[in-house]
Amino acid sequence: MGAKDRICMKLARRVTQEIKNAQYELAAHTSKLKRRVEHDVPFVCQFARPEHAELSLRGELETVNDPHWKDTGALSPARYADWAFTMCGMASAAMALSHLKGIEKLPAELAEEAMRHGVYADEAGIISGMKYREFVPWIRKYGIKAEVYSRLSLQGIRYALSNGKLVIVSVNPNIRGYDTAPRGQKGGHLILVTGYDLEAGTIHINNPSGFTSTNTQRNHRLSNKEFDRYYAGRGIVLSG
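These numbers come from a predicted model, not from an experiment. (Residues numbered from 1 in each chain as written. Predicted model: local features only at pLDDT ≥ 70, side-chain atom pairs only at ≥ 80, totals over all residues. Heavy atoms only, no water.)

With that settled, consider the overall build of the protein chain. Helix and strand content of the protein chain: 8 helices and 9 strands. A compact globule built from 240 residues would reach a C-alpha radius of gyration of about 18 Å, and the protein chain, at 18 Å, matches this within 12%. Its C-alpha atoms give the protein chain principal-axis dimensions of about 55 × 50 × 35 Å. Taking all 240 residues of the protein chain together, 50% fall into the buried category. In the protein chain, 66% of the contacts between residues at least 6 apart in sequence involve partners at least 24 apart. Of the accessible surface of the protein chain, which amounts to about 11600 Å², a share of 51% is contributed by carbon and sulfur atoms. Where the 33 positive side-chain charges of the protein chain centre and where its 25 negative ones centre are 8 Å apart. (Helix = DSSP H or I, 4+ residues; strand = E, 2+ residues; numbered from the N terminus. Rg over C-alpha atoms; globule rule 2.2 N^0.38 Å. Buried < 20%, exposed > 50% of the residue type's maximum accessible area, 1.4 Å probe, protein only. Contact = heavy atoms within 4.5 Å. Areas by Shrake-Rupley, 256 points an atom, 1.4 Å probe, with all protein chains shown as cover. Lys, Arg positive; Asp, Glu negative; His and termini not counted. Charge placed at Lys NZ, Arg CZ, Asp CG, Glu CD.)

Next up, the structure:
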């Protein structure tokens, strides 16, 4: 395939995606939503233990020295260290699998499998971020339908949740309340949105790298304004 063909294909995919985004947003903004939704989704941490997220991110615990590395399904301490800061998407997928299908999977176990299917790439010894397009056919093997939206409004997220679905969204990592990324950075971390409350004006998330000390892991509630400050405007809608 020549360079011109690749450009045309990329342009066609972009146009198709924008049409899909627009159709979804139209449905979201013209449908009647539930006033309140709270999906009871089990929490999965991307680190060996929930309390180790804070220790690792603050540099108080070297991931390669974490004695509980096996709890993530990692193949070795070194491999756990490779994945620990990268497998937020797999921890989110593990939560969705548990809630939607009753399938229990460990995040590093999922990560290794996903990598074999092109969901991640090893780029000069550094694991890439999760690739949305490749994620879709991979997660389908578990009976999960995934729809990618490159433009997804808060109303679009609520629309999915109101219909019994879950949403993996891209956010600035600082959403946990501890800065590890530039404040203006768009995306860089994946979390699972589990609920909302229209009257309270809140959105509810399970954050794979939230902190136990600040209750920012499971069912963390943020105001719509606060969530919007970190939200990158894109995500994956999941249904069983």
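Let us now look at a positive patch on the surface. Together, K10, R13, R14 and R133 line one region of the surface with positive charge. For the positive patch, the leading source of residues is helix 1 (residues 3-30), giving 3 residues. Mapped onto the fold, R133 is located in helix 6 (residues 132-140). The class of R133 is exposed, set by a relative accessible area of 54%. (Patch = residues over 30% accessible without salt bridge, like charges linked within 9 Å, V, L, I, M, F, W, Y side chains within 5 Å. Salt bridge = Lys/Arg side-chain N within 4 Å of Asp/Glu carboxyl O.)

Judged by how many residues are buried, helix 5 (residues 107-116) sits mostly within the fold: 8 of 10 residues are covered. Those residues of helix 5 lying buried are P107, A108, L110, A111, E112, E113, A114 and M115. With its phi angle positive at about 80°, G118 sits one or two positions after the end of helix 5.

The tendency in soluble globular proteins is for nonpolar side chains to be buried as a group. Counting residues in hydrophobic clusters, the biggest one holds 70 residues, and the most contacted among them are M90, F135, I157 and F227. Per-element tally for this core: the top contributor is helix 4 (residues 88-101), with 8 residues. Aside from chain neighbours lying at most four places away, what touches F227 is L154, I157, V169, V171, I175, I191, V193, I203, I205 and L222. (Core = buried A, V, L, I, M, F, W, Y, C linked by side-chain atoms within 4.5 Å.)

What follows covers the packing of aromatic side chains. If you walk through the whole model with that rule in mind, you get 8 aromatic pairs. Considering the side-chain rings of Y178 and F211, the 5.7 Å spacing of their centres and the 45° angle between planes classify their relative orientation as tilted. Placement of the pair is Y178 in the loop between strand 5 (166-171) and strand 6 (189-197) and F211 in the loop between strand 7 (202-206) and strand 8 (220-223), with a sequence separation of 33 residues. For F211, a relative accessible area of 2% corresponds to the buried category. (Phe/Tyr/Trp six-rings, centres within 6.5 Å; stacked < 30°, edge-to-face > 60°.)

For the rest of this paragraph, the subject is the pairing of strand 5. The two faces of the sheet receive side chains in turn, since in a regular strand these alternate between them. Burial analysis of strand 5 places 6 of its 6 residues in the buried class, the great majority of the element. Across the two faces of strand 5 the burial is the same, with L166, I168 and S170 and V167, V169 and V171 all buried. In this sheet, strand 6 lies alongside strand 5 in antiparallel orientation, the contact comprising 5 bridges. Residue pairing across strands places V169 opposite I191, the latter belonging to strand 6. (Pairing = 2+ DSSP bridges.)

Residues other than glycine seldom take positive phi values, yet A124 does so here, at roughly 55°. Structurally, the position occupied by A124 is in the loop between strand 2 (122-123) and strand 3 (126-127). The class for A124 is exposed, based on a relative accessible area of 82%. At N215, a residue that is not glycine, the phi angle is positive and equals roughly 55°. Secondary-structure assignment places N215 in the loop between strand 7 and strand 8. Accessibility expressed as a relative area gives 62% for N215, which makes it exposed.

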